[in-house]
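Listed below are the residues making up each chain.
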Amino acid sequence: MKNTPFLLLFILVSCSDSDSTANTTENHQAKSVSNEIPVVEYLGPETFKGLVDVRSYNADIYVDLKYASEDNFMGFPLYERMKRAYLQPDVAKRLNYCQIYLSALDSALHLLVYDAARPVSVQKLMWDALDTVPAALRGKYVSNPANLSLHNMGCAVDITICTDDGVPLDMGAGYDDFRDIAFPNKEAKYLKSGELTKEQYANRLLLRKVMASQKFRQLPTEWWHYNAYSRDVARRMFKALEVEPY
């Protein structure tokens, strides 16, 4: 995204969470004994408390945290200390099974994580960067930190598939690309026009198939973003990461 106008770069940021994401399995539903959403307890800077490194479950999962590097829409690292991808244990375990399934399909392919748990403080940086955009419209590009993102609770993952040497498969649009061609719900249009090739579409379908095997749900406007729970369920079950732990 080099040399892209500054405002456009900000608008390219995505990962806004949909509330129409995965229904939980029966054991998860059993934990949600109340329909009332309590006040979310925030994690302080001293601990990751409850979050786990995804590679501790499966080292075949690759990680390239875009917001821990300069290779992101802002052009500088948003994470100062987080160098690994963290998720809720159950979510990391499900991702592990996704990798096992992918390896069974093709042993040379790996899941590649671009972002996982994201501190609310970083979410706020992203939100404030779009301060010239009305809040109602801003929510299309980045979740309002006041409402929390599923990333803030370690329940969402930005992900693709790569080869053994870490080269991502061609998905027809890049990460944090907000052009319509990145929208799963508009793929038919771009297949018909030829702007999205059959190979690129097949790569998206492979990722979708692998993630769906563990009930991850894709956003209709981002081929890379998958939610493990709906936001309401996640707020009842999990805590949010307020800032980067030391």
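Right above here is the structure, for reference.
What counts as what
- Residues numbered from 1 in each chain as written.
- Predicted model: local features only at pLDDT ≥ 70, side-chain atom pairs only at ≥ 80, totals over all residues.
- Heavy atoms only, no water.
- Phe/Tyr/Trp six-rings, centres within 6.5 Å; stacked < 30°, edge-to-face > 60°.
- Helix = DSSP H or I, 4+ residues; strand = E, 2+ residues; numbered from the N terminus.
- Buried < 20%, exposed > 50% of the residue type's maximum accessible area, 1.4 Å probe, protein only.
- Pairing = 2+ DSSP bridges.
- Contact = heavy atoms within 4.5 Å.
- Axes fitted to C-alpha atoms, helices over the stretch in contact; angles between N-to-C directions.
- Salt bridge = Lys/Arg side-chain N within 4 Å of Asp/Glu carboxyl O.
- Parallel < 35°, antiparallel > 145°, perpendicular 65-115°, else oblique.
- Left-handed = near helix turned anticlockwise from the far one by under 90°.
- Nonpolar A, V, L, I, M, F, W, Y, C, P; charged D, E, K, R; others polar.
- Polar contact = N/O pair within 3.5 Å; in protein donor to acceptor, adjacent residues only side chain to side chain.
- Core = buried A, V, L, I, M, F, W, Y, C linked by side-chain atoms within 4.5 Å.

Novice: Is there a simple way to explain the packing of aromatic side chains in this structure?
Specialist: Both the distance between ring centres and the angle between the ring planes are used here to describe each pair of aromatic rings. Considering all chains together, one arrives at 6 aromatic pairs under this definition. Here the aromatic rings of tyrosine 67 and tyrosine 79 are separated by 6.2 Å at their centres, their planes lie at 85 degrees, and the arrangement is edge-to-face. Of this pair, tyrosine 67 sits in the loop between strand S3 (62-63) and strand S4 (86-87) while tyrosine 79 sits in the loop between S3 and S4; the two residues are 12 residues apart in sequence, bridging distant segments of the chain. Tyrosine 79 sits in the buried class, given a relative accessible area of 1%. Here the aromatic rings of tryptophan 223 and tryptophan 224 are separated by 5.5 Å at their centres, their planes lie at 90 degrees, and the arrangement is edge-to-face. Residue class for tryptophan 223 comes out buried when judged on its relative accessible area of 3%.

Novice: How should the sheet that holds S3 be read in this particular structure?
Specialist: The strands that make up a sheet pair up through hydrogen bonds in the backbone, lying either parallel or antiparallel. Overall, mixed pairing links the 5 strands, which are arranged S3-S5-S6-S8-S7 in an open sheet. Edge strands, defined here as strands with exactly one partner in the open sheet, are S3 and strand S7 (217-218). Sitting on the sheet, helix H3 (residues 89-105) touches strand S5 (109-115) and strand S6 (156-163), and the angle it makes with S5 is about 145 degrees. This element, helix H7 (residues 198-212), spans S5, S6, S7 and strand S8 (225-227) of the sheet and lies at about 125 degrees to S6.

Novice: What exactly am I supposed to notice about the pattern of salt bridges here?
Specialist: For side chains bearing opposite charge, pairing can occur when the charged atoms are close. Enumeration over the complete set of coordinates arrives at 12 salt bridges. Put simply, aspartate 177 and arginine 179 hold a salt bridge, and the shortest N to O gap is 2.8 Å. Under the relative-accessibility criterion, aspartate 177 is labelled buried at 11%. Note that arginine 208 and glutamate 187 form a salt bridge whose closest N and O atoms lie 2.7 Å from each other.

Novice: I would appreciate a short explanation of the packing of H3 against H7 in the present structure.
Specialist: The description of two packed helices rests on the angle between their axes and on the distance between the axes. Viewed as axis vectors pointing N to C, H3 and H7 meet at an angle of 130 degrees, and their least axial separation amounts to 8 Å. In terms of orientation, H3 lies oblique with respect to H7. Like other packed secondary-structure pairs, H3 and H7 cross with a definite hand, here right-handed. Of the residues in H7, those touching H3 at Leu95, Cys98, Tyr101, Leu102 and Leu105 are Leu206, Lys209, Val210 and Met211. Here the contact of H3 with H7 is composed, by residue class, of 8 nonpolar, no polar and 1 charged.

Novice: It is not clear to me how the side chain of aspartate 177 should be interpreted in this structure. Could you clarify?
Specialist: Within the secondary structure layout, aspartate 177 lies in the loop between S6 and helix H6 (187-193). At 2.8 Å, the side chain of aspartate 177 and the side chain of arginine 179 are in polar contact.

Novice: How should the environment of glutamine 214 be read in this particular structure?
Specialist: Tracing the chain through its elements places glutamine 214 in the loop between H7 and S7. The sequence separation of glutamine 214 and tyrosine 97 amounts to 117 residues, and the corresponding C-alpha distance is 7.2 Å. Aside from chain neighbours lying at most four places away, what touches glutamine 214 is Arg94, Tyr97 and Cys98.

Novice: What's the story with the pairing of S5 in this structure? I'm lost.
Specialist: On a regular strand, each side chain points to the face opposite its neighbour's, so the side chains alternate between the two faces of the sheet. Burial within S5 is extensive, with 7 of its 7 residues counted as buried. As paired strands, S3 and S5 are joined by 2 bridges and run parallel to one another. Bridge assignment links tyrosine 62 to a residue of S5, and that residue is leucine 112.

Novice: What is the right way to look at the nonpolar core in this model?
Specialist: Soluble globular proteins tend to pack their nonpolar side chains together in the buried interior. One finds Leu95, Leu111, Ile159, Leu207, Met211, Phe216 and Tyr229 to be the most contacted residues of the largest nonpolar core, which totals 67 residues. Only S4, H3, S5, helix H4 (120-129), S6, H7, helix H8 (231-237) and strand S9 (240-241) provide two or more residues apiece to this core.

In short, shape yes, function no, at least from these values alone.
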